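Next come the chains, spelled out residue by residue.
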Amino acid sequence: MPEGDTLHKLALAVRPRLVGQPVEHLRLRERGEIAIVRGHPVEHVEAVGKNLLVLIDRRWTLRVHLGLRGKWRAYDASAGWEAPARSATAVLGVPSTVLAFFRSARHELHPYRDQRLEQELRRLGPDLLAPTLDLELVVARARAPGYRDLAVTDLLLDQRVAAGIGNVYRSELLFLAGLHPWAPVRELSDETLRTLFERARELMGSNLGPGPRVTVGALRGQRRRPETSRTWVYRREGLPCLRCRAPIRRSIEGRQARSTYWCPRCQPAEARGRPPVRPEK
Ligand SMILES: [Zn+2]
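Note on numbering: residues in each chain are counted from 1, in written sequence order. At least 70 in pLDDT is required for a residue's local features to be given in this predicted model, at least 80 for side-chain atom pairs to be given and counted, and no such filter applies to totals for whole chains, interfaces and linings, which use all residues. Side-chain descriptors were evaluated using all non-hydrogen atoms of the structure, hydrogens and water having been removed beforehand.

**Some points on the sheet that holds strand β9 (residues 106-111)**
Phase 1: The four strands lie next to each other as β3-β4-β5-β9, forming an open sheet whose pairing is antiparallel. Each having just a single partner strand, β3 (42-48) and β9 make up the two edges of the open sheet. Neighbour to neighbour, the strand axes of the sheet diverge by 15° on average, direction disregarded.
Phase 2: Relative to strand β4 (residues 51-56), β3 is paired through six bridges, and the arrangement is antiparallel. Looking at the pairing, Ala47 lines up with Leu52 of β4.
Phase 3: Any two residues whose heavy atoms approach within 4.5 Å at even a single point are treated as in contact. Think of each axis as a best-fit line through the C-alpha atoms, taken over the contacting stretch in the case of a helix, with angles from 0 to 180 degrees between the N-to-C directions. Strands here mean DSSP runs of E at least two residues long; helices mean DSSP runs of H or I at least four residues long; both are numbered from the N terminus. Relative to β3, helix α1 (residues 4-18) is tilted by about 170°, and along the sheet it contacts β3 and β4. Note: two strands are recorded as paired if DSSP finds a minimum of 2 bridges between them.

**Observations regarding the packing of helix α6 (residues 167-177) against helix α7 (residues 190-205)**
Phase 1: Between α6 and α7, the shortest axis-to-axis distance is 10 Å and the interhelical angle comes to 125°. In terms of orientation, α6 lies oblique with respect to α7. Crossing handedness for the pair α6 and α7: right-handed. Two secondary-structure elements touch here, α6 through Tyr169, Leu173, Leu176 and Ala177 and α7 through Leu196, Arg199, Ala200, Leu203 and Met204. If an angle is under 35 degrees, it is roughly parallel; if it is over 145, roughly antiparallel; if it lies from 65 to 115, roughly perpendicular; otherwise it is oblique. Helix crossings fall into two classes, left-handed where the near helix is turned counterclockwise from the far one by less than a right angle and right-handed where it is turned clockwise.

**Here we look at the domain arrangement of the protein**
Phase 1: Start and end points for every domain follow an automatic or database-based domain assignment. Under the domain assignment, the protein is made up of domain 1 (4-122) and domain 2 (135-272).
Phase 2: Between the C-alpha centres of domain 1 and domain 2 there is a distance of 30 Å.
Phase 3: Contacts between the two partners involve ten residues from domain 1, matched on the other side by 16 residues from domain 2.
Phase 4: Think of a salt bridge as a Lys or Arg side-chain nitrogen and an Asp or Glu carboxyl oxygen that are within 4 Å of each other. The tally of links from domain 1 across to domain 2 stands at one salt bridge.
Phase 5: Salt-bridge contacts for Arg213 lead to Asp5; the nearest nitrogen and oxygen are separated by 3.2 Å.
Phase 6: N or O atoms within 3.5 Å of each other form a polar contact, as long as, within protein, one can give a hydrogen and the other can take it, and as long as residues adjacent in sequence are counted only when both atoms are side-chain atoms. The interface formed by domain 1 and domain 2 holds seven residue pairs in polar contact (both at pLDDT 80 or more) in total.
Phase 7: With six residues, α1 is the single largest residue contributor to the side of domain 1 that touches domain 2.

This is how it looks when you write it as structure tokens:
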């Protein structure tokens, strides 16, 4: 499941392999080979929310959004990458490296500083992993009138509030905050909102290194226990809560069947004096 940290990890990993190198080929599934970029150097690689942007010679921007199921691989150009790359949705090759994306939701080549792309990216909230983060701006966005009645679990996924949180982190953040997933935003204090997004930044930032995503014991001041689980609640339906042993619950919602996992005891609806407003599985 690609989240904001996936894209930042990707940018960190491929930047040294691509920047300064001339493009040898670029292939997008719907457009085929794009010859005009050939020979032009890759200038920069960056992650913005869940988008990867590859700037080519101040003339073009390759934008890839992995969506829910996208994956990426970087191959040595001399290695046998051809077979897997054939099924790729986007392939960018420089002399040493071939970067291939599979099942990406978006893969587009835009002119440099394309208005349409810039407008779209401007609609995103602050990137939670950007070098500096204005938390007050995130809180102000979460306080927009349209979000008052939204469930906090949906707020966390809304990339217009803050960019980067996906399905794994939203469940983990709600557990760490002891918040019931369907608590409406209007019931949360500014301090609670600030802490949620601050922790999102910290959790995602602690996962930029190699290895699998770990959220248990990943916050400052938390002991890194030798847990058997990497996550508190995510993908732990029916298993005992690591804190209270109650079985973790899961609810599936939306057309894309996204799941929220939570502990009914650590994240009680009753604590706020109201029943859950959404059906639970
Ligand atoms: Zn619990």
